[in-house]
Structures are given as C-alpha cells and as structure tokens.
Amino acid sequence: MGEQHKNRGYLSSSIGCYCPRCREGKLFQHKLGLNLKNNMMMNKNCTVCGQPSELEVGFYYGTSYVSYALTVALSVATLVAWYVIIGLSTEDNRFYYWMGSNAAFLIILQPWLMRLSRSLWISWFVKYDPDWREHQPEDVSERINPDQSGNW
Ligand SMILES: [Zn+2]
C-alpha cells in the first residue's frame, strides 16, 4: 500500500490535484474546504520537485473555459442519469426538478471544479517526468517577472 503513490496515473493525479511533473507534490496549499480564498492558494513551486505552478503571467486565465466545459459535461451526465433513474416527461415537472438538482449539485461542486480546472490546465503544459529527481524544472522566471528580462 505504501508504494501506491508511485503508480499514480494521469487521471488520479489530475483529479487529486497533484503536480503533473512528479505526481507527488500537491498543487494547492490547503485541503479543499469552505474558505474559497484558501481553496485557490497554490504552492508557488511544487514542494516535491520544484515545478513552478504558474508558467507565465496570467497562466490560469484560460481555466474558465475548462470549468465551463466540465460544467456542461457534468450537466449532461446528470441529465442522462436522471433520465435513466427518474425519467423525464413533458407532462410533469421532472425536467425542472432535474434543473434545480443539477444547479445545486454544480454549486456544491464549484470549489472542487475550480481546482480541478487548474489541475487539468497545468497538466496539459507540464509533462510527467518519472526521472524528475535527475532533471531541473523548466526555468520560467523571465516569463513570470517580465520586467527583469530587459535589465541585464
Ligand atoms: Zn512536482
């Protein structure tokens, strides 16, 4: 059981919000909780392999599209599940009950979805490196501190 983390795959690493490079360090500083500000605080660098979590200025702006896509995908999934389990009809309010339940479900999941979006986003830019101990993480300092690049 203690060896389990070494076999963490892409999906469990992304869903668990682990560093995409080493799949061992946590991307976020705090456990998922009710404090929305704490929820989104990331480690500047991976605490295990040193991978920067922000690859350039505004790196996470695109994640709103990811969370939108996740929201749509989840809504489709709950609609299908509702159709199978409860059924849909134009003769009663079952469709509206789905809409209400789905909205509540998405609101409850929102803090996790926002984190998952960031985790997925960075996983598309940073490759898994099983030999991360032997390599340095990519240097991004001039991309996140643009005013320093002209000062040499
Ligand atoms: Zn790492």
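Going by the structure above, here's the rest.
Calculation criteria
- Residues numbered from 1 in each chain as written.
- Predicted model: local features only at pLDDT ≥ 70, side-chain atom pairs only at ≥ 80, totals over all residues.
- Helix = DSSP H or I, 4+ residues; strand = E, 2+ residues; numbered from the N terminus.
- Buried ≥ 20, exposed ≤ 12 C-beta atoms within 10 Å, placed from the backbone.
- Contact = placed C-beta atoms within 7 Å.

A few words on the overall build of the chain. What the chain contains, in helices and strands, is 6 helices and 0 strands. From first element to last, N terminus to C terminus, the chain shows the α and β order α-α-α-α-α-α. The dimensions of the chain, computed from C-alpha atoms along their principal axes, are 70 × 45 × 25 Å. Relative to its full complement of 152 residues, the chain shows a buried share of 16%.

Turning to the environment of Leu55, a few remarks are in order. Here Leu55 lies in the loop between helix H2 (36-39) and helix H3 (63-85). Residue classification places Leu55 among the partly exposed residues on the basis of 16 C-beta atoms within 10 Å. Distance from Leu55 to Ile122, taken between C-alpha atoms, is 8.4 Å for residues 67 residues apart in sequence. Excluding residues within four positions of it along the chain, Leu55 makes contact with Phe125, Val140 and Arg143.

Quick look at the environment of Met41 now. Here Met41 is to be found in the loop between H2 and H3. Met41 sits in the exposed class, given 11 other C-beta atoms within 10 Å. Considered as a pair, Met41 and Arg115 are 74 residues apart in the sequence and their alpha carbons are 9.7 Å apart. Dropping the residues within four chain positions of it, Met41 is found in contact with Phe28, Gln29 and His30.

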